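What the coordinates show
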Amino acid sequence: MYVAHTSNDSVDVIDSNKDVYVRSIPGLPGVAGVLVSNEKSLVFTSNRGEKTVGVFHHGRDEGLHKIRVGGYPNGLAFDPKRHHLLAANVSRQDDPAPTTVSIVDLHKRILTSDIVVPGRTRWTVYDPENDCFYVNISKPSQIVRVDSEDPDGVASAFEIPATGPHGLDIDLERRRLFCACDQGGLFTVELETGKVSKASSLAGPPDVIFYNSKLQPPLCRGWRTWRDRCD
């Protein structure tokens, strides 16, 4: 297990079989998240403190390579077919630049596209069937779609009837998105029809959300609980 340890500018490695801390991977300023591609045995990091994403092969972090992106990266999603990594960037109050999502070509190890989005981004997922990325936008309350094959802008958007879309995950089998909002609600988006429905109320503002296809119900973690575990 890889855990973004933001306050230490590092990623902690946990042995999940033994439930023990193994070591830390340093040199990742302000690391906000980690994404693992099981298909390609790759690990990605969003290094918010230096506007870069990191990439290395699982178990070989000495080969860590950094690529500069167009903002302060947070959420990550990966298209394993094209080797496209999307970094959902966040802005800072003193930064007048527009908020963007960055597309990185990992074959070339370069930033190939920086797409302006309507507002502050949150989490993001990749949909292999529609060959696109979905990105939560906090305000206005939307989920935007960016095509992976030709990522030259926002292709479409779903309007979410609640404040602050935050956590996001996808049910590939039943073709729906799960969106957890700061207002305290969990919503589903039917990808075939675009229908948005409220699935459940939440105990408080969420952060990340995970969907287990075997167990069915998604798991939401609140901001405070998640950050305490990571920090």
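To start, this report covers the structure provided alongside it. (Residues numbered from 1 in each chain as written. Predicted model: local features only at pLDDT ≥ 70, side-chain atom pairs only at ≥ 80, totals over all residues. Heavy atoms only, no water.)

A few words on the packing of aromatic side chains. The final tally for this structure, using the stated rule, is five aromatic pairs. Ring geometry for Tyr2 versus Phe56: centroids 6.1 Å apart, planes at 65°, classification edge-to-face. Here the residue Tyr2 occupies a position in strand 1 (residues 2-5), and Phe56 occupies one in strand 6 (residues 52-57), the gap between them amounting to 54 residues. Residues Tyr2 and Phe56 agree in their burial class; the two are buried. An angle of 40° between the planes, with centres 6.2 Å apart, marks the rings of Tyr134 and Phe158 as tilted. Of the two residues, Tyr134 is situated in strand 13 (residues 132-137) and Phe158 in strand 15 (residues 156-159); the sequence distance between them amounts to 24 residues. The ring of Tyr72 carries Lys51 above its face, with NZ or CZ at 4.6 Å from the centroid. (Phe/Tyr/Trp six-rings, centres within 6.5 Å; stacked < 30°, edge-to-face > 60°. Helix = DSSP H or I, 4+ residues; strand = E, 2+ residues; numbered from the N terminus. Buried < 20%, exposed > 50% of the residue type's maximum accessible area, 1.4 Å probe, protein only. Lys NZ or Arg CZ within 6 Å of the ring centre and 35° of its normal.)

Peptide bonds are trans in most cases, and residues, glycine excluded, mostly fall at negative phi. For the bond from Lys139 to Pro140, the omega torsion is 0°, close enough to zero to count as cis. With respect to the secondary-structure elements, Pro140 resides in the loop between strand 13 and strand 14 (142-147). Of note, the phi angle at Asp19 is positive, near 55°, even though the residue is not glycine. Relative to the assigned elements, Asp19 resides in the loop between strand 2 (10-15) and strand 3 (20-25).

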